[in-house]
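# Working through the structure, step by step
Spelled out from the first residue to the last, the chains are:
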Amino acid sequence: MTDPLPADPSQLFERLFRTIESRRGADPSTSHTAKLFQKGTKKIAQKVGEEAVEVVIEAVKNKRERTISESADLMYHLLVLWADARISPHEVWAELARREGMSGIAEKSARAFDEDK
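Throughout what follows, the structure given in this document is the object of discussion. (Residues numbered from 1 in each chain as written. Predicted model: local features only at pLDDT ≥ 70, side-chain atom pairs only at ≥ 80, totals over all residues. Heavy atoms only, no water.)

### Some points on the environment of H90
Examined against the element boundaries, H90 turns out to sit in helix 5 (residues 89–99). In sequence terms H90 and S10 are 80 residues apart; their C-alpha atoms lie 8.8 Å from each other. (Helix = DSSP H or I, 4+ residues; strand = E, 2+ residues; numbered from the N terminus.)

### Some details on the packing of aromatic side chains
On inspection of all chains with the given rule, the structure shows two aromatic pairs. On the basis of an interplanar angle of 75 degrees and a centroid distance of 5.4 Å, the ring pair of F13 and W93 is categorised as edge-to-face. With a gap of 80 residues between them, F13 in helix 1 (residues 9–22) and W93 in helix 5 connect regions that are remote in the sequence. Looking at F13, the relative accessible area reads 17%, which means it is buried. (Phe/Tyr/Trp six-rings, centres within 6.5 Å; stacked < 30°, edge-to-face > 60°. Buried < 20%, exposed > 50% of the residue type's maximum accessible area, 1.4 Å probe, protein only.)

### Side note on the environment of R98
Mapped onto the secondary structure, R98 falls in helix 5. For R98, the side chain forms a polar contact with the side chain of E95, separated by 2.6 Å. (Polar contact = N/O pair within 3.5 Å; in protein donor to acceptor, adjacent residues only side chain to side chain.)

### Some points on the nonpolar core
Counting residues in hydrophobic clusters, the biggest one holds eleven residues: F13, F17, I20, L36, F37, I44, Y76, L79, V80, W82 and A83. Listed by contribution, the elements that provide at least two residues to this core are helix 1, helix 2 (32–39) and helix 4 (64–84). Per element, the largest residue contribution to this core is five residues, and it comes from helix 4. Here L79 is in contact with F13, L16, F17, I20 and P89, once residues within four sequence places are set aside. (Core = buried A, V, L, I, M, F, W, Y, C linked by side-chain atoms within 4.5 Å. Contact = heavy atoms within 4.5 Å.)

### Observations concerning the pattern of salt bridges
Within the structure shown, the criterion is met by seven salt bridges. In this structure, K47 engages E51 in a salt bridge whose closest nitrogen and oxygen atoms are separated by 3.8 Å. Taken together, the positions of K47 and E51, both in helix 3 (residues 41–60) and four residues apart, correspond to about one turn of that helix. Exposure remark for E51: the relative accessible area of 5% places this residue in the buried category. (Salt bridge = Lys/Arg side-chain N within 4 Å of Asp/Glu carboxyl O.)

### Looking at the packing of helix 2 against helix 4
Taken N-terminus to C-terminus, the directions of helix 2 and helix 4 make an angle of 50 degrees; their axes are 11 Å apart at the nearest point. In terms of their interaxial angle, helix 2 and helix 4 are classed as oblique. Helix-helix and strand crossings are classified by hand; for helix 2 and helix 4 the assignment is right-handed. Two secondary-structure elements touch here, helix 2 through H32, T33, L36 and F37 and helix 4 through Y76, H77, V80, A83 and D84. Residues that form the contact of helix 2 with helix 4 fall into these classes: five nonpolar, three polar and one charged. (Axes fitted to C-alpha atoms, helices over the stretch in contact; angles between N-to-C directions. Parallel < 35°, antiparallel > 145°, perpendicular 65-115°, else oblique. Left-handed = near helix turned anticlockwise from the far one by under 90°. Nonpolar A, V, L, I, M, F, W, Y, C, P; charged D, E, K, R; others polar.)

As C-alpha cells, then:
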C-alpha cells in the first residue's frame, strides 16, 4: 500500500494524475473519471467551475472541514481537466516555478501582454 501523504505533495498529484489517465477509455459504468472523459471537455470544465464555486461558498461560510473537502474535489476535477487537455502536472509546476519570486503585478502584466499577441 502506498503512503497516503508523501513528503512531497506533488507526488500525490502525480499518482492521482496517472490513475486519472488510466481511466481514459475505461467503462463509464464502473468509473466516475471515465464517465467524465466520455462526457467531454465542456462537462469536465463545468465540474471544475462548480467545485470552485463550492470551495468559495464553504470558505465564505468559514466551514473549514467543508472547504478542505470541496478543495479536494476541485483538485481532482482540475486534474481530470488537465488530463483531458493533455497537460501534465509537471507543466503546471514548471509554470509556477517560472513565476516564483516574480511580483504578481509584473507577472499578470506580462501575461496580459503575451495574450494580446
